[in-house]
Amino acid sequence: MSAPMSTPSPHAVPSTDGAALRRSISNTLKGSAGNLVEWYDVYVYSVFAVYFESQFFSAEDKNSTMYVWAIFAATFLMRPIGAWYFGRFADRYGRRLALTVSVTMMATCSFLIAITPTAESIGLWAAVVLLFARLLQGFATGGEYGTSATYMSEAALPGRRGFLSSFHYVTLVGGHVLAQLTLLLMLTFWDKPQISEWGWRIAFGLGGVAAIVVFWLRRTMDESLEQSSIDAAREGKAKASGSMYELFVHQWRPLLLCFLITAGGTVAFYTYSVNGPKMIQSAFAGDDPMTGTLINLGVLAFLMVLQPVGGWLSDIIGRKTLLVFFGVGGVLYSGYLITQLPHQHDAVLAFLTLALAFVILTGYTSINAVVKAELFPTHVRALGVGFGYAVANSLFGGTAPLLYQGALKTGHVDWFAIYVTATIAVSLVVYVFFLTNKGPNWLDGTRR
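Residues numbered from 1 in each chain as written. Predicted model: local features only at pLDDT ≥ 70, side-chain atom pairs only at ≥ 80, totals over all residues. Heavy atoms only, no water.

**Student:** Hey, could you run me through the environment of Gly-123 in this one?
**Tutor:** Examined against the element boundaries, Gly-123 turns out to sit in the loop between α5 (119-122) and α6 (125-155). For Gly-123, a relative accessible area of 30% translates into the label partly exposed. Spatially, the C-alpha atom of Gly-123 lies 8.1 Å from that of Phe-56, the residues being 67 residues apart in sequence. (Helix = DSSP H or I, 4+ residues; strand = E, 2+ residues; numbered from the N terminus. Buried < 20%, exposed > 50% of the residue type's maximum accessible area, 1.4 Å probe, protein only.)

Pasting the structure below:
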């Protein structure tokens, strides 16, 4: 028998209580700020990759682009490990402390990348340092997703969980927007050689500086895990809390469900939001890099604004409806996006093509955090959400940019489109047959 569910936390009070609502919003904003900075640190790599590539690898090496994206993919191998470590930590000692540690680690690694000497100075060691720092960031990100998704879902009030927890992806996408905005500002004042030589270092350094502010914010937000649970863990009485044995033996069904819910969503997210902007960047790379950057900034800002709308809708029509909308749309539209967007040289049409993909994607991104949090009891929630997400994210999400680059290199982009479509289709089956719009869930304390 699995461990009993913890008593609902004090924050689970009626949404008509104005003081409770203000406190919930305050905690949501503090949690979101840290998420924003961490994901800026993640995306500044993909946004500036084309600029710092020559600083870590020889300019004569024709495979340098593949190496850059291989390092991007390799960091995802650390996410399940980070999800296990920080998930276990958060389920035993609290969400707030785990989130504070993860953002500190991200900031340290951003500073390290910013000051790393070039390959011309230290040879292969430049790439080694880059890989090391990114692996540590992957470890921290693995902990950030599950713990922040859990915290923001727990901190949100019943009846408004979809809307408030959607800010998890507002700030996740917001990190990408900030990275694009940083590039836009640099392109306004500097030319491409200057950004390649030293501008990218400023971009990484900014993420480290911002984390200092977030460190203070996270230390002041409320803890969503009950003090009695934290005390029991410290006294060695909560053996099931954050336990992999508990997760795999007694909670394997929600863990498998979490994995399958994530698979299609994460491959779509990285295909649409990482590969998509790269397609636009390449299409306008000639003498007009500013146009491509402006399109990407605008369309990513659009995706960010869509998240609360999706979360609000889910509170009214249910989570399953939005997920099915994403699944059907993703199956029908992914092939067109992947094969046609790279050849779109009209700015308005390029924007609209990717914007429609983001409308579809919002059916998943706006609510996936709360959907997963509702699957698990309190004592393994951060671990279950984080680990289930991280494994699927590593297999299907982080590899998407690398697979796309490989498809481009071999001339088989259509194969990549089929792969993305098929993965989304598998998750669609799960959305249709294994999820419900209404019913008991662990966050409300109604599932036993």
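**Student:** Please explain the pattern of salt bridges as it appears in this structure.
**Tutor:** For side chains of opposite charge, pairing can occur when their charged atoms come near one another. For the coordinates displayed, the defined rule picks out five salt bridges. Its salt-bridge partner being Glu-154, residue Arg-95 comes within 2.7 Å of it at the nearest N-O pair. Residue Arg-95 is found in helix α4 (residues 95-115), and its partner Glu-154 is found in helix α6; the two are separated by 59 residues along the sequence. Like Arg-95, the residue Glu-154 is buried in the burial classification. Among the ionic pairs, Arg-319 bridges to Asp-315, the shortest N-O distance being 3.0 Å. Ionic contacts of the salt-bridge type, sharing partners, join the residues Asp-91, Arg-95, Glu-154 and Arg-381 into one network. (Salt bridge = Lys/Arg side-chain N within 4 Å of Asp/Glu carboxyl O.)

**Student:** I would appreciate a short explanation of the packing of helix α2 (residues 64-74) against helix α18 (residues 400-410) in the present structure.
**Tutor:** The packing of two helices is summarised by the inter-axis angle and the distance between the axes. Interaxial distance between α2 and α18 falls to 8 Å at its minimum, and their mutual angle equals 155 degrees. Classed by the angle they form, the pair α2 and α18 counts as roughly antiparallel. Pair α2 / α18 crosses with left-handed handedness. In this structure, α2 contributes Thr-65, Met-66, Trp-69, Ala-70, Phe-72 and Ala-73 to the contact, and α18 contributes Pro-401, Leu-402, Gln-405, Gly-406 and Lys-409. (Axes fitted to C-alpha atoms, helices over the stretch in contact; angles between N-to-C directions. Parallel < 35°, antiparallel > 145°, perpendicular 65-115°, else oblique. Left-handed = near helix turned anticlockwise from the far one by under 90°. Contact = heavy atoms within 4.5 Å.)

**Student:** Whenever I open this one, the environment of Ile-122 confuses me. Can you help?
**Tutor:** One can find Ile-122 in helix α5. In the structure, Ile-122 is positioned 66 residues away from Phe-56 in sequence and 9.4 Å away in space, judged by C-alpha atoms.

**Student:** What's the story with the nonpolar core in this structure? I'm lost.
**Tutor:** Generally speaking, soluble globular proteins have nonpolar side chains that are buried together. Judged by nonpolar contacts, the single largest core of 105 residues is most densely connected at Phe-48, Phe-52, Ile-261 and Tyr-270. For this core, the leading source of residues is helix α12 (residues 252-283), giving 14 residues. Apart from the residues within four sequence positions on either side, Ile-261 is in contact with Tyr-364, Val-371, Lys-372, Leu-375, Ser-427, Val-430, Tyr-431 and Leu-435. Phe-86, Phe-89, Phe-139 and Ala-382 belong to the second largest nonpolar core, which has six residues in total. (Core = buried A, V, L, I, M, F, W, Y, C linked by side-chain atoms within 4.5 Å.)

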